[in-house]
Amino acid sequence: FPPLSTGEQEGLYELLAALPSQLQPHVNCSEDNTFLQDMFGERSLHSLVKSLLSVHDAVAQKKYDPELPPLPEDIDDDEDSVKIIRLVKNKEPLGATIRRDESTGAIIVARIMKGGPADRSGLIHVGDELKEVNGIPVDDKKPEEIIRILAQSQGAITFKVVPGAKDEASLKEPQMFVKALFDYDPKDDNTIPCKEAGLAFKKGCILQIMSQDDATWWQAKHEGDTNPRAGLIPSKQFQERRLAFQQPVTTLSSLRRSTRRSSGFRRSFRLSRRDRKTTKSMYEAKKSEMYDMADVPTYEEVVPYGRQRGDKHRLVVLVGPTGVGLSELKKKLLISDPQHFSVTIPHTSRPKKNQETDGVDYHFISKQLFETDIQNNKFIEHGEYKGNFYGTSLDSIRSILSKKKVCLLDVQPHLIKHLRTAEFKPFVVFVKPPTVDRLRETRKKTQIISGKDDKDSTKPFTEEDFQEMVNTAQTMETQYSHLFEMVIVNDNVDVAFSELQLALKKVETETHWIPVSWTHS
Ligand SMILES: Nc1ncnc2c1ncn2[C@@H]1O[C@H](COP(=O)(O)OP(=O)(O)OP(=O)(O)O)[C@@H](O)[C@H]1O
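Residues numbered from 1 in each chain as written. Predicted model: local features only at pLDDT ≥ 70, side-chain atom pairs only at ≥ 80, totals over all residues. Heavy atoms only, no water.

## As for unusual backbone geometry
The test is simple: Working definition: helices are DSSP H or I runs of at least four residues, strands are E runs of at least two. Numbering for both runs from the N terminus.
Backbone geometry places N134, a non-glycine residue, at a positive phi of 50°. Considering the arrangement of structural elements, one finds N134 in the loop between β4 (129-133) and β5 (136-137). Although it is not a glycine, N377 adopts a positive phi angle of roughly 55°. Mapped onto the fold, N377 is located in the loop between α11 (367-375) and β16 (379-385).

Okay, structure coming up:
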């Protein structure tokens, strides 16, 4: 209805007064007639109708909107994100703290006390930049001075703020993604408050974290899942805590076993293709380095990453047990595209042979310089063989990457963690042997370099070699699989090679997930 005019209101009263006579023909008994006369003549009914009408008018004219204070006139048009906030303050403190941002000098809301006036208003948020209080600019004031101004103010206080970026982001759907570093099935978890509400996932899955409000149970969805309902997953802290209790037992026992079989771990890093034959048993890595405890793998925050033209390539790291075929796969890649792929040139302290060229076969350096370089952490891997040092320097990796080539590197798995940096962004491929039966089948004609003596003698794989390869692969997988981005089974070498080639192509051209820590260097 449109609001009633005064004339219309009076007409309505007349109508009310006239009602009993209008109804008379329909009323048989005089008592009823008197009752109607009395009721419609009652003043209280008139005032009730009047109130009803004024409420009707107020609603129709939207008079219930509170009156907003006029906006200050000096708003800078450029500052489109400025917010003017008016809070009414009584004796109670506002419940917010401020700080000066070291780098920009801006006054920032540092904390909002839960339940205080600022919190209850819902208008001021942590991260907001304070520009003015009651028209007084605050940029040139110390936080203490501003606090004094606020303390002295009573009644309405006007703030001019620039909302913090965080504030806006928190209103949107949470955008935190993690890569799961362990398998999880709520069915096997007796601590979960509700198994049906749990979310199962596998190692390597990308999960979108929807809520971390609860310290023990987070809420998450599988990335890309259109179903909006989140499921419960153990929080990082909770998972770390309970794994810390379990791990020492399992790790220690598996390590003992692997120590005895440690010869199955990769003993050499390949120096150059020409030198392959002599590198096989060049040296053993220090055992203590190999068996360090891996961090408890839970979740790692990830972001989408796509290599832009002109960016350096991700470092390609191959790991696997001795003899599984890393050199073979590297060789195939190099042959497939020598302009695109490259391997590092190792350093050595041994004297240069006549047919060798410095910087091509090796970087030949003195023993003393080698030792200094070791001290200065210049090598990702190094070792000693027959009194001479050999090693792969970090700079030799950098030199390839800066030529915009793909660097192929194989290292022992415990060294992966040193390469996991924004600079190298390693793409780690685990090359796994097939079953012993398949090894026997596929490696029938294969000759390997005998590690028993220093001569370049070759021999076929033994049953023991196969068993050791499979066992070592198993140990490596148990301990380091959370660091592997891809697993290739080297059964048929041509199949394994095409799988690797395809995966590397994808890494170069498609958007994929990498740890968020690699994106800010
Ligand atoms: N799928 C395969 N089928 C048959 N032979 C293979 C296969 N993959 C590799 N080989 C052969 O097995 C031998 C060992 O492979 P390769 O030298 O590449 O191993 P590696 O992982 O580099 O080990 P190491 O660290 O001991 O040198 C080589 O003669 C290689 O040609």
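Still to come is the rest of the account.
## Regarding the environment of I136
Mapped onto the elements, I136 comes out in strand β5. In this structure the C-alpha to C-alpha distance between I136 and I146, which are 10 residues apart in sequence, comes to 9.6 Å.

## Some remarks on the environment of E510
What counts, and what does not: Two residues form a contact once any of their heavy atoms are found within 4.5 Å.
As for its placement among the helices and strands, E510 is situated in the loop between α16 (493-509) and β23 (512-515). Distance from E510 to P304, taken between C-alpha atoms, is 10.0 Å for residues 206 residues apart in sequence. Residues in contact with E510, not counting those within four places in the same chain, are Y305 and G306.

## Comments concerning the pattern of salt bridges
One side chain can pair with another of opposite charge once the charged atoms of both are near each other. Note the following rule: Should a side-chain nitrogen of Lys or Arg be within 4 Å of a carboxyl oxygen of Asp or Glu, the pair is scored as a salt bridge. The buried label goes to any residue with under 20% of its type's maximum accessible area, the exposed label to any with over 50%, and the partly exposed label to all in between, with areas taken from a 1.4 Å probe on protein chains only.
Overall, the coordinates contain 21 salt bridges when judged by the stated rule. Among the ionic pairs, R398 bridges to E423, the shortest N-O distance being 2.6 Å. Note that R398 is positioned in helix α12 (residues 394-402) and E423 in the loop between α13 (416-419) and β19 (427-432), a separation of 25 residues in sequence. Take E423: its relative accessible area is 36%, and that puts it in the partly exposed class. In this structure, R440 engages D437 in a salt bridge whose closest nitrogen and oxygen atoms are separated by 2.9 Å. You can see R440 and its partner D437 sitting in helix α14 (residues 436-442), three residues apart, about one turn around the helix. Bridged by salt links that share partners, the residues D395, R398 and E423 form one connected network.

## Comments concerning the sheet that holds strand β10 (residues 231-234)
The cut-off we apply is this: Pairs of strands are assigned from DSSP output, requiring at least two bridges between the strands. Working convention: axes come from line fits to C-alpha atoms, limited for helices to the stretch in contact. Angles between N-to-C directions cover 0 to 180 degrees.
As summarised here, the arrangement of the six strands in space is β10-β9-β8-β7-β11-β23, forming an open sheet in which the pairing is antiparallel. The open sheet terminates on both sides in strands that have one partner only, identified here as β10 and β23. The sheet shows a mean angle of 55° between the axes of neighbouring strands, taken without regard to direction. Relative to strand β11 (residues 299-305), strand β7 (residues 176-180) runs antiparallel, the two sharing four bridges.

## Focus on the pairing of strand β17 (residues 388-393)
The buried fraction of β17 is high, at six of six residues. Where burial is concerned, the two faces of β17 agree: the one with N388, Y390 and T392 and the one with F389, G391 and S393 are both buried. Here strand β14 (residues 347-348) runs beside β17; their pairing, made up of two bridges, is antiparallel. Bridge pairing in β17 links H347 to G391. Two elements, β16 and β17, share six bridges in a ladder whose sense is antiparallel. Bridge pairing links F379 to S393 in β17. Linking β16 to β17, which pair antiparallel, is a turn of two residues; within it K386 sits at a positive phi near 50°.

## Observations regarding α12
The cut-off we apply is this: Directions drawn from the helix axis to the C-beta atoms are what define this arc.
Within the sequence span of α12, burial applies to L394, S396, I397, I400 and L401. Down the axis of α12, the buried side of the element spans an arc of 165°, and every buried residue falls inside it. Structurally, α12 contributes buried residues whose contacts are with β13 (341-343), β16, β17, β18 (406-410) and α13. Looking one or two residues beyond α12, the residue adopting positive phi is K404, at roughly 60°.

## Describing the nonpolar core
The test is simple: Definition of nonpolar core: a set of buried residues of the types Ala, Val, Leu, Ile, Met, Phe, Trp, Tyr and Cys, connected through side-chain atoms within 4.5 Å.
With 27 residues, the main nonpolar core has L333, F341, L408, F427, V429, L500 and L504 as its most contacted residues. Those elements giving two or more residues to this core turn out to be β12 (316-319), α10 (326-336), β18, β19, α14, α15 (463-480), β22 (486-489) and α16. The element best represented in this core is α16, accounting for six residues. Ignoring anything within four residues of it in the chain, the contact list for L500 reads L318, L329, L333, V429 and I488. Judged by nonpolar contacts, the second largest core, of 22 residues, contains V319, I380, L401 and L409.

## What to know about the packing of aromatic side chains
Describing an aromatic ring pair means giving the distance of the ring centres and the angle of the ring planes. Where we set the bar: Only Phe, Tyr and Trp rings take part, Trp by its six-membered ring, and two of them pair if their centres are within 6.5 Å. Stacked means planes under 30 degrees apart, edge-to-face means over 60, and tilted covers everything else.
The full count for this structure, using the stated rule, is 13 aromatic pairs. Residues F182 and F201 carry aromatic rings whose centres are separated by 5.2 Å and whose planes lie at 80° to one another, so their mutual orientation is edge-to-face. Taken together, the residues F182 in the loop between β7 and β8 (206-211) and F201 in the loop between β7 and β8 connect sequence positions 19 residues apart. F201 carries the same exposure label as F182, and that label is buried.

## Section: the sheet that holds β14
Taken in spatial order, the four strands line up as β15-β14-β17-β16 in an open sheet, and their pairing is mixed. Every other strand in the sheet has two partners, leaving β15 (363-364) and β16 as the edge strands with one partner each. Two elements, β14 and β15, share two bridges in a ladder whose sense is parallel. Along β15, the bridge assignment pairs H347 with H363. Packed onto the sheet, α12 meets β16 and β17 and runs at close to 40° relative to β17.

## Points about the confidence of the model for the protein chain
Should pLDDT be low for a region, the predicted coordinates there are not to be read in detail. Rules: Confidence scores per residue from the predictor, reported as pLDDT, run from 0 to 100.
Confidence in the prediction for the protein chain averages 83 pLDDT; 82% of positions are at 70 or higher. In the model, residues 249-294 has pLDDT below 50 throughout and makes 94 contacts with residues more than four positions away in sequence or in other chains. Here the prediction assigns the complex a pTM of 0.65, and the interface score ipTM is 0.97.

## Looking at helix α5 (residues 143-152)
Listed as buried for α5 are P143, I146, I149 and L150. Seen along its axis, α5 keeps its buried residues to an arc of 120°; they face one direction. Opposite the packed face of α5, turned more than 90 degrees from it, sit the exposed residues A151 and Q152. The inward-facing, buried residues of α5 abut β1 (83-89), β2 (96-100), β3 (107-112), β4, β5 and β6 (155-162).

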